[in-house]
Amino acid sequence: MLLDPFSQDDELFVESPTYPGALGFLRPYGCKLIPVPTDEHGIQPEQLSKLLQESSSSHSSSYPFGENDQQKRKKRRVLYTIPTAQNPSGSTLSNDRRIAIYHLARKYDLIILEDDPYYFLHPNRQCIPSFLSIDHNLGDGRVLRFDSFSKLLSSGMRLGFVTGPPTLVNQLNLHTQTTNLHASGISQLLAYKLLDYWGLDGFDDHAASTATFYNNRRNVLLSAAHQNLSPDLAEWNIPEAGMFLWIKILNGIHDTKTLVEEKAVDAGVLFVPGQSFCPLNEPSSYVRASYSTASDEDMNVAMERLAALIRK
């Protein structure tokens, strides 16, 4: 819809690391993925700016089909971002960075896909401006925002909603009709009845209690990590919200794939190797731990077993 996989120029800028579910869809489609470096505060605007400058200077202005192989065509650029409690890193973009990234989007004519399923899990979400709200205030119409009820009401509902410019949303509806026809009617009815019963105040109260629940789960995992993983074994940043802890494995381990997929499985503990989240499928020294459903005891055992595996 936004990019042409047959184009030699169109580019999709993605956080590195990023959500593997998105990568699983994008790779077969043939999109040209451009990884954008991140840190504990999300996308680094100066790195994104550098990549966009390089992208502009390398524009070949050609298209492989049509009456003329040298047909002139404007390069299309899209940024896919999970700005709040990111999966897998848990990072939340600072407000200053959100503004800086939006200005880069305007400068380089970038469409922003704001995938924000963990927004309502942030305890201070009222103080966080979405890219959509920034876009609305400036009237530019370059942001598609995606929210989800799956993390807030029930994971089995698989229900979300999109907000953005009518032109883009209408095109998205056409694509949805040709892929999954429509979202589950039962899920939509359940969500409607529940939201109608709660009202806005009830929804806000539920979101706040859910955010508190997950932050309590986070604190349990952080405590277990501190107790079992010494500074020479691993390091991590504290996520502001969400359900993930992004752990960098030390002790000379630069690729965690075998550690996670073989040794950890044999030890009865489940993580996801960092490579799964790398846009270019590169080896990674990171692992992702999820604290959404594990018990307090299970989290402590998991960190204890991870420490033992790193030492081997």
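Whatever comes next refers back to the structure up there.
This text gives an overview of the structure that appears in the document.

Scoring rules and cut-offs
Residues numbered from 1 in each chain as written. Predicted model: local features only at pLDDT ≥ 70, side-chain atom pairs only at ≥ 80, totals over all residues. Heavy atoms only, no water. Helix = DSSP H or I, 4+ residues; strand = E, 2+ residues; numbered from the N terminus. Rg over C-alpha atoms; globule rule 2.2 N^0.38 Å. Buried < 20%, exposed > 50% of the residue type's maximum accessible area, 1.4 Å probe, protein only. Areas by Shrake-Rupley, 256 points an atom, 1.4 Å probe, with all protein chains shown as cover. Lys, Arg positive; Asp, Glu negative; His and termini not counted. Charge placed at Lys NZ, Arg CZ, Asp CG, Glu CD. Core = buried A, V, L, I, M, F, W, Y, C linked by side-chain atoms within 4.5 Å. Contact = heavy atoms within 4.5 Å. 1 Å grid on protein atoms, 1.4 Å probe; cavity = no way out; pocket = protein on both sides within 12 Å on 5 of 7 lines; lining within 4 Å. Points joined across faces, edges and corners; volume = space filled by probe spheres on them. Nonpolar A, V, L, I, M, F, W, Y, C, P; charged D, E, K, R; others polar. Pairing = 2+ DSSP bridges. Salt bridge = Lys/Arg side-chain N within 4 Å of Asp/Glu carboxyl O. Polar contact = N/O pair within 3.5 Å; in protein donor to acceptor, adjacent residues only side chain to side chain.

## Examining the overall build of the protein chain
Helices and strands together make up the secondary structure of the protein chain, namely eight helices and eleven strands. Relative to the globule expectation of 20 Å for 312 residues, the C-alpha radius of gyration of the protein chain, 21 Å, shows essentially globular dimensions. Considering only C-alpha atoms, the protein chain reaches an extent of 65 × 50 × 35 Å along its principal axes. For the protein chain, buried positions account for 47% of its 312 residues. A total accessible area of about 15700 Å² is found for the protein chain, and carbon and sulfur atoms account for 52% of it. The positive charge centre, built from 28 side chains, and the negative charge centre, built from 35, are 3 Å apart in the protein chain.

## Quick look at the nonpolar core
Across soluble globular proteins, nonpolar side chains show a tendency to be buried alongside one another. Within the largest apolar cluster, 61 residues are counted, with the highest numbers of intra-cluster contacts made by Leu-229, Ile-247, Phe-271 and Met-303. Tallying contributions element by element places helix H6 (residues 185-228) first for this core, with eight residues. Among residues more than four places away in sequence, those in contact with Ile-247 are Ala-234, Glu-235, Trp-236, Ser-285, Tyr-286, Val-287, Ala-289, Met-303 and Leu-306. Listed in part, the 20 residues of the second largest apolar core include Ile-34, Leu-79, Leu-93 and Ala-105.

## Brief notes about the layout of surface pockets
When its volume is computed, the largest pocket comes out at roughly 1800 Å³. Forming the boundary of the largest pocket are 44 residues, of which Phe-25, Asp-115, Phe-146, Leu-172 and Thr-176 lie nearest the centre. Those elements that place two or more of their residues in the lining of the largest pocket are helix H1 (20-29), strand S4 (77-81), strand S5 (110-115), strand S6 (143-148), strand S7 (160-163) and helix H5 (166-179). Broken down by element, the lining of the largest pocket gets its largest block of residues, eight residues, from H5. For the lining of the largest pocket, the class distribution of residues is 26 nonpolar, 14 polar and four charged.

## Describing the sheet that holds strand S10 (residues 272-273)
Spatial ordering of the open sheet is given by S8-S9-S11-S10, a layout of four strands whose pairing is antiparallel. Both outer strands of the open sheet, strand S8 (234-236) and S10, are each paired with one neighbouring strand and no more. As defined by bridge partners, S10 adjoins strand S11 (residues 286-290) across two bridges and the pair is classed as antiparallel. Across the sheet, residue Val-272 finds its bridge partner in S11, namely Arg-288.

## Remarks on the pairing of strand S1 (residues 11-16)
Taken across its six residues, S1 has five buried, putting it largely inside the fold. Across four bridges, S1 lies against S4 in parallel orientation. Residue pairing for S4: Glu-11 is matched across the bridge by Arg-77. Of the strand pairs in this sheet, S1 and strand S2 (residues 33-39) are connected by five bridges, and their pairing is parallel. Residue pairing for S2: Val-14 is matched across the bridge by Pro-35.

## Some remarks on the pattern of salt bridges
Following the criterion strictly, the structure yields twelve salt bridges and no others. Where Lys-75 meets Glu-11, a salt bridge forms, and the shortest distance between an N and an O atom there is 3.7 Å. Of this pair, Lys-75 sits in the loop between helix H2 (45-57) and S4 while Glu-11 sits in strand S1, placing them 64 residues apart in sequence. For the pair shown, Lys-75 and Glu-11 are each scored as buried. Measuring nitrogen to oxygen at the nearest pair gives 2.9 Å for the salt bridge that ties Arg-106 to Asp-140. Here Arg-106, found in helix H3 (residues 95-107), pairs with Asp-140, found in the loop between helix H4 (131-138) and S6; they are 34 residues apart in sequence, far enough to count as distant.

## Brief notes about the side chain of Gln-86
On the secondary structure map, Gln-86 appears in the loop between S4 and H3. Within the local environment of Gln-86, its side chain forms a polar contact with the side chain of Glu-15, the two groups lying 3.0 Å apart. Residues contacting Gln-86, with those up to four places away along its chain left out, are Glu-15, Pro-17, Thr-18, Ser-91 and Phe-244.

Don't take any of this as a statement about function, it's just geometry.
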